[in-house]
Amino acid sequence: MLLLAPVPAAASMVRVYVTNSAGDSIDVINPATNKVVQQIKGIEGAHGIAFSVDGSRVYVSDEVDSTLDVFDRKTGWLIKKVPLSAHPNNIAVAEDGRIVVGIARDPGALDIIDPTTLTRTKSVPVNGRLHNVYVTPDSEYAVTGSIRSGIITIIDLATEQPAWEVKLDMGIRPMAIEAAPDGSTKRIFVQLSDFNGFAVVDFVLRKEVGRIQLSAAKAQFETDGERATAPSHGIGVAPDGKTLWVTSIPNNAVYVYSLEDLKLAGEVALPSLRRSIDPGGEGAPGRVAP
């Protein structure tokens, strides 16, 4: 899995962190120059990545060792490997610094890590192994989703106990959270297995209140067969809180919806890259060509 994340440091220094799950390093890219400016090495099977509240540490879920690996952001040196309850996937950080880690093994759990002692203080059982985990804008809840069970579990971070859950009819993929004007959570936008679009969950009503399917693809695009069960995989609310951005793999496009009325506001077509046979001869590696 490839995951990008910005550094929460000074506005003048933005960095993009890329986990190389097929390798043993994390590349740090300066987006102004599109060049790798740092490598964090010695972590095989890196998956999720996040940062401490003050931006001094990098947190990475380690699929090989089933640990949360903590690195110094400036030097890239390993500070500690925190043992988890089982194999992890994605992670998130609460406003008070606690790190929450989705456990991707049955029966499913959310591990909570103390940022001061760097120890696992609790594993909260949930219904189904987890992949994605988020913290609400007010940092009061953790939001988790299970692909296998189709259940979204909301965990109260004050009590560190499940508060409620909602069962959808498909597996839970990436999610995005919309804040209400007072900073509380208003809605969760949920991408689903085998569905090219997203569901809308009302946080106060605690139920699905709508589902939007993206338009049919205008052309056929080359896709990875292993991703066929997640046609819409990537979703986010814009920083100004006015639009929702949704990706579509089969459509090879990004769609923009107005959050006020969830009406389609725009579509961004992505470049079409197709594999062609390398002229070097039979059996030679393929190359990507426009």
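Throughout what follows, the structure given in this document is the object of discussion. Residue numbers here run from 1 along each chain, matching the order of that chain's written sequence. Only residues with pLDDT of at least 70 are given local features in this predicted model, and only at 80 or more are side-chain atom pairs given and counted; all residues enter the totals for whole chains, interfaces and linings. Excluding hydrogens and water, the side-chain values take into account all heavy atoms of the structure.

Bringing the side chain of Asp27 into the picture now. Think of it this way: any DSSP run of H or I at least four residues long counts as a helix, any run of E at least two long counts as a strand, and we number them from the N terminus. Note on placement: Asp27 falls in strand S3 (residues 25-30). At 3.3 Å, the side chain of Asp27 forms a polar contact with the side chain of Asn20. By definition in these notes, contact holds between two residues if any of their heavy atoms fall within 4.5 Å. Ignoring anything within four residues of it in the chain, the contact list for Asp27 reads Val16, Tyr17, Val18, Asn20, Val36, Gln38 and Gln39. Contacts described as polar in this section are N or O atom pairs within 3.5 Å, which, within protein, must combine one atom able to donate a hydrogen with one able to accept it, while residues neighboring in sequence count only if both atoms come from side chains.

Turning our eyes to something else, we now look at the packing of aromatic side chains. Working definition: a ring pair exists when centres of Phe, Tyr or Trp rings (six-membered ring for Trp) sit within 6.5 Å. Plane angles under 30 degrees give stacked, over 60 give edge-to-face, the rest tilted. Per the stated rule, a full pass over the model turns up 5 aromatic pairs. Where Trp164 meets Phe203, the ring centres are 5.2 Å apart and the plane angle is 70°; that geometry is what we call edge-to-face. Remark: Phe203 occurs in the loop between strand S19 (197-202) and strand S20 (207-213) and Trp164 occurs in strand S16 (residues 161-167); sequence separation between them is 39 residues. Relative accessibility under 20% of the residue-type maximum defines a buried residue, over 50% an exposed one, and the middle range a partly exposed one, all with a 1.4 Å probe and only protein chains included. Among the residues examined, Trp164 registers a relative accessible area of 9% and is labelled buried. Considering the side-chain rings of Phe189 and Phe198, the 6.1 Å spacing of their centres and the 85° angle between planes classify their relative orientation as edge-to-face. In this structure Phe189 comes out as buried when scored by relative accessible area, which is 0%. Put simply, the rings of Tyr141, Trp164 and Phe203 pair up and form one aromatic cluster. Two conditions define a charge located above a ring, namely a distance within 6 Å from the ring centre to NZ of Lys or CZ of Arg, and an angle within 35 degrees of the ring normal. Against the face of Phe195 rests Arg211, its NZ or CZ located 5.6 Å from the ring centre.

A few words now on the nonpolar core. Residues belong to a common nonpolar core when they are buried Ala, Val, Leu, Ile, Met, Phe, Trp, Tyr or Cys residues joined through side-chain atoms within 4.5 Å. If you look at the biggest cluster of nonpolar residues, it comprises 16 residues, and the most contacted ones within it are Ile152, Leu168, Ile188 and Val190. Residue assignment for this core shows that the elements contributing at least two residues are strand S15 (151-156), S16, strand S17 (172-179), strand S18 (185-192) and S19. For Ile152, the residues in contact, after removing those within four places along its chain, are Val143, Thr144, Trp164, Glu165, Val166, Leu168, Ile172, Met175, Val190 and Val201. Core analysis: the next-biggest nonpolar cluster, separate from the first, contains 14 residues, Ala176, Phe198, Tyr255 and Leu259 among them.

The next point concerns the pairing of strand S13 (residues 132-135). A pair of strands is considered paired only if DSSP assigns at least 2 bridges between the two. Across 4 bridges, the pairing between S13 and strand S14 (residues 141-145) is antiparallel. Counterpart to Val133 in the pairing with S14 is Thr144.

What follows concerns the sheet that holds strand S21 (residues 235-237). Pairing is antiparallel in the open sheet, where 4 strands are placed in the order S21-S22-S23-S24. For this open sheet the edge positions go to S21 and strand S24 (264-269), each flanked by a neighbour on one side alone. Direction aside, the axes of adjacent strands within the sheet are offset by 15° on average. Inspection of the sheet shows strand S22 (residues 243-248) paired to strand S23 (residues 253-258) by 6 bridges, in the antiparallel sense. In the sheet register, Thr247 faces S23, and the bridge partner there is Val254. Axis angles are defined between N-to-C directions and span 0 to 180 degrees, where every axis is a line fitted to C-alpha atoms and, for a helix, only to the segment in contact.

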